[in-house]
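# Secondary and tertiary structure notes
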Amino acid sequence: MGGKQGEGARKEAAVSTENSAVSALLAKWLIPSTAVLFGVIGYVVQSAQASLLGVDSNGWESRAYLNSAADFLRESVVRLLTWPETWPQHFFLHRPFLVLYTAAAVIASLVALSSSRLPKYIERHRIALIATCLIASAVVLKFVLMDAPLLKIENLVSSGDDSCWALVAQPPDPGSTDKHGAGGTGRKDVPQNHSIGNCAAAQASKGAEARVWNEAREIAGEIVCSRVTPKAAKQLPAVFAGSSACRATIADNKAALEDEFLCNLLLEIITIGGAIAILRRSSDSPRTTALCLLIIFYGLTAPYSYGKVGISPLFDFGDARITETLNTNYQKDSPDIVSDGNRMPSVIVRRESNGISILTMRTLNCSPTLSGESSIEQRVSFSFIPNAQLLSFDEIYKGDLITWLATQHSCPPI
């Protein structure tokens, strides 16, 4: 009797020891690895948003990374679960060739790897490498059609001449005069529109590169014109107004962006699943293993896509209340800045140790129309306010920055 009790105690002790070992392993590897993965995903999401806008995302800190990663995972699950409700109209997510090719490549790879009818002279590791290359070809095709165009779209809030997508005007030179005869205004005209042809990189592109730029214009049009009506889109820079996306409705463009992100996510799931299946069967081949790991690592393009097309960039809107001295200097040197007394309607894009960088409104002279009519427009531009000159930033609320930029007044067509 005592022997049976002792044996039972030893088994319980062994089970307890095994459970402790598993818990220790989870605590040592799984939890830190998950935290690192969340951090990497969040960093990619915020980096994509910062690239799209040309300014840093709000809250570049570890907690913000984790929040962005959690948002990405939540939206991924929700959109995957609701995707069947959109069938059959959105079954292929407006990229039927890419979806079908990727699915066929993965299925063919797994069938070839598991088939027993292949000629015996073909070595198993060679079959695995060929199967992996077939999946990699789908990844390359996805890069050309989806990821490369997304990489091109950046700096919507840039004030530089080299930005192909800028929605922000350059601050006028206080010492210049208007080239259309409005001398003494302290303002100068900025180009009211610029098309993708004026972008040096796009203009010099040929072949596949030109295809990438054209696809980028359509996606950029979807991003901006998912926030404004087709009528309002006609006042946008020509790079957006000339896209077919900006002739569609807001609802259509929102659906297109959802399809863009979901298609990216679905293709990553398919290719990563295929790469993992090959790894489990052919982990003894170094070249196959390396290529499979690259395919898995490439899965980070899904959170990158989410950062550019899946979320709204929220920033602090409000009134910057400045000192009387700074307001006087502004009115003297830059009379085009829109202000109400010492208050300027603004958006904080960056908080720095010595002040804040804001987007504020300026009035500019439009180029005369063909009928000779002239008018004044409001355009957004950057300003910097030192801490010593900033009294407060009042009536703060969160708003979508791209929506605000796209809905500002613009010049009429010439």
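Small disclaimer: the values here were computed from a predicted structure and weren't measured.

Moving on, we get to the overall build of the protein. Across its full length, the protein carries 13 helices and five strands. When burial is assessed residue by residue, the protein has 44% of its 414 residues classed as buried. In the protein, of all internal contacts separated by at least 6 residues, the share reaching a separation of at least 24 is 71%. If you sum the accessible surface of the protein, you get close to 21,200 Å²; carbon and sulfur atoms cover 59% of it.

Our focus in this paragraph is the state of the cysteines. Evaluation of the coordinates by the stated rule reveals one disulfide. The partner cysteine of Cys 225 in its disulfide is Cys 246, sulfur to sulfur 1.8 Å. Note on the Cys 225 and Cys 246 pair: the S-S dihedral is about 85 degrees, so by sign convention the disulfide is right-handed. Of the two residues, Cys 225 sits in helix 6 (residues 208-225) while Cys 246 sits in the loop between helix 8 (238-241) and helix 9 (250-281), which places them 21 residues apart along the sequence. Here Cys 292 stays free of any disulfide, with the sulfur of Cys 133 as its closest cysteine sulfur at 9.4 Å. Exposure remark for Cys 292: the relative accessible area of 0% places this residue in the buried category.

Going through the model one piece at a time under the given rule, you end up with 13 salt bridges. We note a salt bridge from Asp 147 to Lys 142, for which the minimum N-O separation is 2.8 Å. Grouping residues by exposure puts Asp 147 and Lys 142 together as buried. A salt bridge links Arg 343 to Asp 394, with the shortest nitrogen-to-oxygen separation between them at 2.8 Å. Of this pair, Arg 343 sits in strand 2 (residues 343-352) while Asp 394 sits in strand 5 (residues 390-400), placing them 51 residues apart in sequence. Take Arg 343: its relative accessible area is 32%, and that puts it in the partly exposed class. Taken together, the shared-partner salt bridges in this structure form one network comprising Asp 71, Arg 74, Glu 75 and Arg 79.

Take the nonpolar core next. Residues Trp 165, Leu 236, Phe 240, Leu 359, Leu 401, Trp 404 and Leu 405 are the most contacted members of the largest nonpolar core, which totals 61 residues. Leaving out residues up to four positions away in the same chain, Leu 405 has contacts with Val 157, Leu 167, Val 168, Leu 359 and Val 380. Ranked by size, the runner-up nonpolar core spans 14 residues in total, among them Ile 127, Ala 128, Ile 135 and Ile 278.

Our focus in this paragraph is helix 6. Owing to its 3.6 residues per turn, the α-helix brings residues three or four apart onto one side. Here helix 6 contains 18 residues, and its C-alpha end-to-end distance of 26 Å stays within 8% of the 26 Å for a straight helix at 1.5 Å per residue. When helix 6 is considered as a whole, its buried residues turn out to be Val 212, Trp 213, Ala 216, Glu 218, Ile 219, Ala 220, Gly 221, Glu 222, Ile 223, Val 224 and Cys 225.

What follows covers the environment of Asp 340. Its location among the elements puts Asp 340 in the loop between helix 12 (324-333) and strand 2. In the structure, Asp 340 is positioned 19 residues away from Arg 321 in sequence and 9.5 Å away in space, judged by C-alpha atoms.

In this fold, Asp 259 is placed in helix 9. Despite its burial, Asp 259 remains without a salt bridge, the nearest opposite charge being carried by Arg 79 at 8.4 Å. Once residues lying within four places of it in the same chain are set aside, the contact partners of Asp 259 are His 90, Leu 93 and His 94.

Attention shifts here to unusual backbone geometry. Despite not being glycine, Asn 155 has its phi angle at roughly 60 degrees, a positive value. Mapping Asn 155 onto the fold places it in the loop between helix 4 (124-152) and helix 5 (200-203).

Tallied over the entire structure, the rule returns 10 aromatic pairs. Arranged with centres 5.7 Å apart and planes meeting at 80 degrees, the rings of Tyr 43 and Tyr 65 form a pair that is edge-to-face. Within this pair, whereas Tyr 43 is found in helix 1 (residues 2-53), its partner Tyr 65 is found in helix 2 (residues 62-82), the two being separated by 22 residues in sequence. Relative to Trp 213, the ring of Trp 165 lies with its centre 6.1 Å away and its plane at 20 degrees, an arrangement referred to as stacked. Taken together, the residues Trp 165 in the loop between helix 4 and helix 5 and Trp 213 in helix 6 connect sequence positions 48 residues apart. Taken individually, Trp 165 and Trp 213 each receive the classification buried, so the pair is uniform in this respect. Taken together, the ring pairs in this structure connect Phe 72, Phe 261 and Tyr 306 into an aromatic cluster.

A few words now on the confidence of the model for the protein. Here the protein averages 77 in pLDDT, while 73% of its residues score no lower than 70. Here helix 1 stands out as the element of the protein with the lowest mean pLDDT, 65, in contrast to helix 11 (residues 301-310), whose mean of 94 is the highest. Considering only residues more than four positions removed or in separate chains, one finds that residues 170-195, a stretch of pLDDT under 50, has 67 contacts.

Topologically, Thr 323 is positioned in the loop between strand 1 (314-322) and helix 12. A polar contact is formed between the side chain of Thr 323 and the backbone nitrogen of Leu 326, at a distance of 3.2 Å. Ignoring sequence-local partners within four residues, the contact set of Thr 323 consists of Asn 342, Ala 388, Gln 389 and Leu 391.

Before going further, it helps to spend a moment on the packing of helix 9 against helix 10 (residues 286-297). Direction vectors running N to C along helix 9 and helix 10 enclose 155 degrees, while the axes themselves pass 9 Å from each other. By the angle between their axes, helix 9 is roughly antiparallel relative to helix 10. As for the relative orientation of helix 9 and helix 10, their crossing is left-handed in sense. Facing Thr 271, Ile 272, Ala 275, Ile 276, Ile 278 and Leu 279 of helix 9, the residues of helix 10 in contact are Thr 288, Thr 289, Cys 292, Leu 293, Ile 295 and Ile 296. Class assignment of the residues belonging to the contact of helix 9 with helix 10 gives a composition of nine nonpolar, three polar and no charged.

The rules behind these values
- Residues numbered from 1 in each chain as written.
- Predicted model: local features only at pLDDT ≥ 70, side-chain atom pairs only at ≥ 80, totals over all residues.
- Heavy atoms only, no water.
- Helix = DSSP H or I, 4+ residues; strand = E, 2+ residues; numbered from the N terminus.
- Buried < 20%, exposed > 50% of the residue type's maximum accessible area, 1.4 Å probe, protein only.
- Contact = heavy atoms within 4.5 Å.
- Areas by Shrake-Rupley, 256 points an atom, 1.4 Å probe, with all protein chains shown as cover.
- Disulfide = S-S within 2.5 Å.
- Salt bridge = Lys/Arg side-chain N within 4 Å of Asp/Glu carboxyl O.
- Core = buried A, V, L, I, M, F, W, Y, C linked by side-chain atoms within 4.5 Å.
- Expected span 1.5 Å × (residues − 1).
- Lys, Arg positive; Asp, Glu negative; His and termini not counted.
- Phe/Tyr/Trp six-rings, centres within 6.5 Å; stacked < 30°, edge-to-face > 60°.
- pLDDT = per-residue confidence, 0-100.
- Polar contact = N/O pair within 3.5 Å; in protein donor to acceptor, adjacent residues only side chain to side chain.
- Axes fitted to C-alpha atoms, helices over the stretch in contact; angles between N-to-C directions.
- Parallel < 35°, antiparallel > 145°, perpendicular 65-115°, else oblique.
- Left-handed = near helix turned anticlockwise from the far one by under 90°.
- Nonpolar A, V, L, I, M, F, W, Y, C, P; charged D, E, K, R; others polar.

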